[in-house]
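Spelled out, the chains give:
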Amino acid sequence: MNLLSLHQRLYERTDGRIGHKMIGVPSLLLRTTGRRTGQARTSALVYGRDGRDYLLVASNGGSDRPPGWLFNIEASPAVEIQVGRTRSRATARVVRPGDPDYCGLWKLVNDGNHGRYDRYQVRTQRPIPLVLLTPTA
């Protein structure tokens, strides 16, 4: 089991008591619905904040393939997030390069993750999209 899998397993099994800041940056659990299977899918992801919104980077570690959760939210933007022990529903919106908000949001989340996303972008020719999660009432 790799470190990221262990992190997610601890986050889930402790219902958020362990995991939120375990890897040195804040992380959340994103729960999506599989676009092909209809099954619940969970991913532990580093996030940034923009006001009340949560900001994710669909980097997949700089891979040429986007992460599976991105396809899931494109198919169904209604998601659940868990930050620490707090769960809430949210609506996801993909923000791509060329969107007027992209550069400012990229800087915000990249600075919060010690510049890792710039390094990931260099590894791939794929433009890395961002995902804005807006909690719903």
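Below you will find a few notes about this structure.

Rules of the game
Residues numbered from 1 in each chain as written. Predicted model: local features only at pLDDT ≥ 70, side-chain atom pairs only at ≥ 80, totals over all residues. Heavy atoms only, no water. Core = buried A, V, L, I, M, F, W, Y, C linked by side-chain atoms within 4.5 Å. Buried < 20%, exposed > 50% of the residue type's maximum accessible area, 1.4 Å probe, protein only. Helix = DSSP H or I, 4+ residues; strand = E, 2+ residues; numbered from the N terminus. Contact = heavy atoms within 4.5 Å. Axes fitted to C-alpha atoms, helices over the stretch in contact; angles between N-to-C directions. Parallel < 35°, antiparallel > 145°, perpendicular 65-115°, else oblique. Nonpolar A, V, L, I, M, F, W, Y, C, P; charged D, E, K, R; others polar. Phe/Tyr/Trp six-rings, centres within 6.5 Å; stacked < 30°, edge-to-face > 60°. Lys NZ or Arg CZ within 6 Å of the ring centre and 35° of its normal. Pairing = 2+ DSSP bridges.

### Points about the nonpolar core
The tendency in soluble globular proteins is for nonpolar side chains to be buried as a group. Leu28, Leu30, Leu56, Trp69, Val131 and Leu133 are the most contacted members of the largest nonpolar core, which totals 17 residues. Put simply, the parts of the chain that give this core at least two residues each are strand 1 (27–33), strand 4 (53–57), helix 2 (68–75), strand 5 (78–83), strand 6 (86–95) and strand 7 (130–135). Aside from chain neighbours lying at most four places away, what touches Leu56 is Leu28, Leu30, Leu45, Val46, Tyr47, Trp69, Leu130, Val131 and Leu133. Of all hydrophobic cores here, the second largest spans 14 residues; its members include Val25, Val46, Ile128 and Leu130.

### Concerning the packing of helix 3 (residues 102–112) against helix 4 (residues 116–123)
Between two packed helices, the angle of one axis relative to the other and the distance separating the axes together describe the packing. Direction vectors running N to C along helix 3 and helix 4 enclose 110 degrees, while the axes themselves pass 7 Å from each other. Of the possible angle classes, the one that applies to helix 3 and helix 4 is roughly perpendicular. On the side of helix 3, the interface is formed by Trp106, Val109 and Asn110, while helix 4 contributes Arg116, Tyr117, Asp118 and Gln121. Across the contact of helix 3 with helix 4, the residue classes break down as 3 nonpolar, 2 polar and 2 charged.

### Looking at the packing of aromatic side chains
Within the structure shown, the criterion is met by 4 aromatic pairs. A ring pair is formed by Tyr47 and Tyr54, whose centres lie 5.3 Å apart and whose planes are at 70 degrees; its orientation type is edge-to-face. The residues Tyr47 and Tyr54 share a single accessibility class, namely buried. With centroids separated by 6.2 Å and ring planes inclined at 65 degrees, the aromatic side chains of Trp106 and Tyr117 adopt a geometry described as edge-to-face. With Trp106 in helix 3 and Tyr117 in helix 4, this pair connects stretches of sequence that are 11 residues apart. Judged by relative accessible area, which is 10%, Trp106 ranks as buried. Residue Tyr117 is classed as buried on the basis of its relative accessible area of 4%. An aromatic cluster is built from Tyr102, Trp106, Tyr117 and Tyr120, whose rings are joined through pairwise contacts. Its end group placed over the ring of Tyr54, Arg49 keeps NZ or CZ at 4.0 Å from the ring centre.

### Section: the environment of Pro77
Tracing the backbone shows Pro77 in the loop between helix 2 and strand 5. Residues Pro77 and Lys107 lie 30 residues apart in sequence; the distance between their C-alpha atoms is 24 Å. Residue contacts for Pro77: discarding those within four places in its chain leaves Ala90, Thr91 and Ala92.

### Points about the sheet that holds strand 7
Taken in spatial order, the 7 strands line up as 2-1-5-6-7-4-3 in an open sheet, and their pairing is antiparallel. Because the sheet does not close on itself, it has two edges, and the strands there are strand 2 (40–46) and strand 3 (48–50). Taken over all neighbouring pairs, the strand axes of this sheet differ in orientation by 35 degrees on average, direction set aside. Sheet analysis places strand 1 next to strand 5, joined by 3 bridges and oriented antiparallel. When the bridges of strand 5 are listed, Leu30 appears paired with Ile81. Packing against the sheet, helix 2 makes contact with strand 1, strand 2, strand 4, strand 5, strand 6 and strand 7, and its axis sits at approximately 55 degrees to strand 1.

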